[in-house]
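Listed below, chain by chain, are the residues.
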Amino acid sequence: MHPLHQKRAFICDMDGVLYHGSRLLAGAKEFVHWLKQQGKQYLFLTNSSSRTPEELSRKLAGMGIDVSPEHFMTSGIATASFLASQKPGGSAYVIGDNGLRQPLLEQGFRLTEENPDYVVVGETVTYNYAQIEKAVNLVLGGAKLIGTNPDISGPVEAGIAPACRALTAPIEIASGRQAYFIGKPNPLIMRHSLKRLACKREETVIIGDRMDTDIIAGIESEIDTVLVLSGITREKDIAKFPYRPDYILSGVGDIPLL
């Protein structure tokens, strides 16, 4: 049996691993079927905060993959959990979509534009200059700046789109304050995922398409890593990093075939 087949739990990235935009990647459906057939514990972990687990479940269903909402972890959920642990019942000005707003509300946070405790930035296609100006002045007024994840860009059907760090950067530059980012490679989101899976790190593997988030997140959390070459990182890029994944595959469809 291949060492990967012996793992009890799988944490799998989504963008660039299962799909690009609305296009399902080769082998994704077979991989999810294999996870279920083998009785594995699994969690689809995305650094994006734009969608809720229910929305992600519907997205995959539209591609022919049936995964219930409890199998999804997002940076929006991890961010809300972190902020609730720091300031229960706090308040936030949010630049982001429902995948960020809903978890904050569920954690008892108040969403406001007036003297919030935090300015929280996630992915959104409604990003605009007025939001940047508002966020800068709230941060200068004492609000702490939080980013849901440190990704600069992410894969989409048309190529590459700006991600959370790119959207947070103008606020950082104009305010002179650095944001704290919750998503991968921050070990916070990895510990959150392991708790959800109820598995030990030795029993778990993380699968992702990015050396600078997925793979380093696994290394820093002492979880075995699989890099798939179906997303951001290309094979020629690997040598640029001072660390290596445990396994390199063309896509997740290779795992059941090992």
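Residues numbered from 1 in each chain as written. Predicted model: local features only at pLDDT ≥ 70, side-chain atom pairs only at ≥ 80, totals over all residues. Heavy atoms only, no water.

A. Spotlight on the sheet that holds strand β15 (residues 247–249). Strands sit in the order β5-β4-β1-β13-β14-β15 across an open sheet of six strands; the sheet is parallel. Looking at strand neighbours, the two that pair on one side only are β5 (72–74) and β15, the edges of this open sheet. Mean inter-strand twist for the sheet, computed between neighbouring axes without regard to direction, equals 20°. Of the pairings in the sheet, the one linking strand β13 (residues 204–208) to strand β14 (residues 224–228) comprises four bridges and is parallel in character. Note on β14: the bridge partner recorded for Val-205 is Asp-224. (Pairing = 2+ DSSP bridges. Helix = DSSP H or I, 4+ residues; strand = E, 2+ residues; numbered from the N terminus. Axes fitted to C-alpha atoms, helices over the stretch in contact; angles between N-to-C directions.)

B. Looking closely at the pattern of salt bridges. One pass over the structure, following the stated rule, counts nine salt bridges. Note that Glu-203 is salt-bridged to Arg-8, the shortest N-O span being 3.3 Å. Separated by 195 residues along the polypeptide, Glu-203 in the loop between α7 (187–197) and β13 and Arg-8 in the segment before β1 (9–12) bring together distant segments of the chain. Glu-203 sits in the partly exposed class, given a relative accessible area of 26%. (Salt bridge = Lys/Arg side-chain N within 4 Å of Asp/Glu carboxyl O. Buried < 20%, exposed > 50% of the residue type's maximum accessible area, 1.4 Å probe, protein only.)

C. Geometry of the packing of aromatic side chains. All told, the structure shown has eight aromatic pairs when counted by the stated rule. Aromatic side chains Phe-31 and Trp-34 sit 6.4 Å apart centroid to centroid with 20° between the ring planes, which places their arrangement in the stacked category. Of this pair, Phe-31 and Trp-34 both sit in helix α1 (residues 28–37), separated by three residues, roughly a single helical turn. One exposure class covers both Phe-31 and Trp-34, and it is buried. Relative to Tyr-180, the ring of Phe-82 has its centre 5.5 Å away and its plane inclined at 50°; by these criteria the two rings are tilted. With Phe-82 in helix α3 (residues 75–86) and Tyr-180 in strand β12 (residues 180–181), this residue pair connects regions lying 98 residues apart in the sequence. Here the aromatic cluster, defined as three or more aromatic residues joined through ring pairs, consists of Phe-10, Phe-31 and Trp-34. When the ring centre of Tyr-19 is taken as origin, the NZ or CZ atom of Lys-59, which lies over that ring, is 4.5 Å away. (Phe/Tyr/Trp six-rings, centres within 6.5 Å; stacked < 30°, edge-to-face > 60°. Lys NZ or Arg CZ within 6 Å of the ring centre and 35° of its normal.)

D. A look at the sheet that holds β12. With parallel pairing, five strands are arranged side by side in an open sheet as β7-β6-β8-β9-β12. Two strands bound the open sheet, and with one partner strand each, they are β7 (110–111) and β12. Against the sheet, helix α5 (residues 129–140) engages β6 (91–95), β8 (118–121) and β9 (144–147), with an angle of about 150° to β6. (Contact = heavy atoms within 4.5 Å.)

E. Main features of the packing of α3 against α7. As a packed pair, α3 and α7 sit with axes 10 Å apart at the nearest point and diverge in direction by 100°. Considering the angle they form, α3 stands roughly perpendicular to α7. Facing Ser-75, Ile-77, Ala-78, Ser-81 and Phe-82 of α3, the residues of α7 in contact are Leu-188, Ile-189, His-192 and Arg-196. Tallied by class, the residues present in the contact of α3 with α7 amount to five nonpolar, three polar and one charged. (Parallel < 35°, antiparallel > 145°, perpendicular 65-115°, else oblique. Nonpolar A, V, L, I, M, F, W, Y, C, P; charged D, E, K, R; others polar.)

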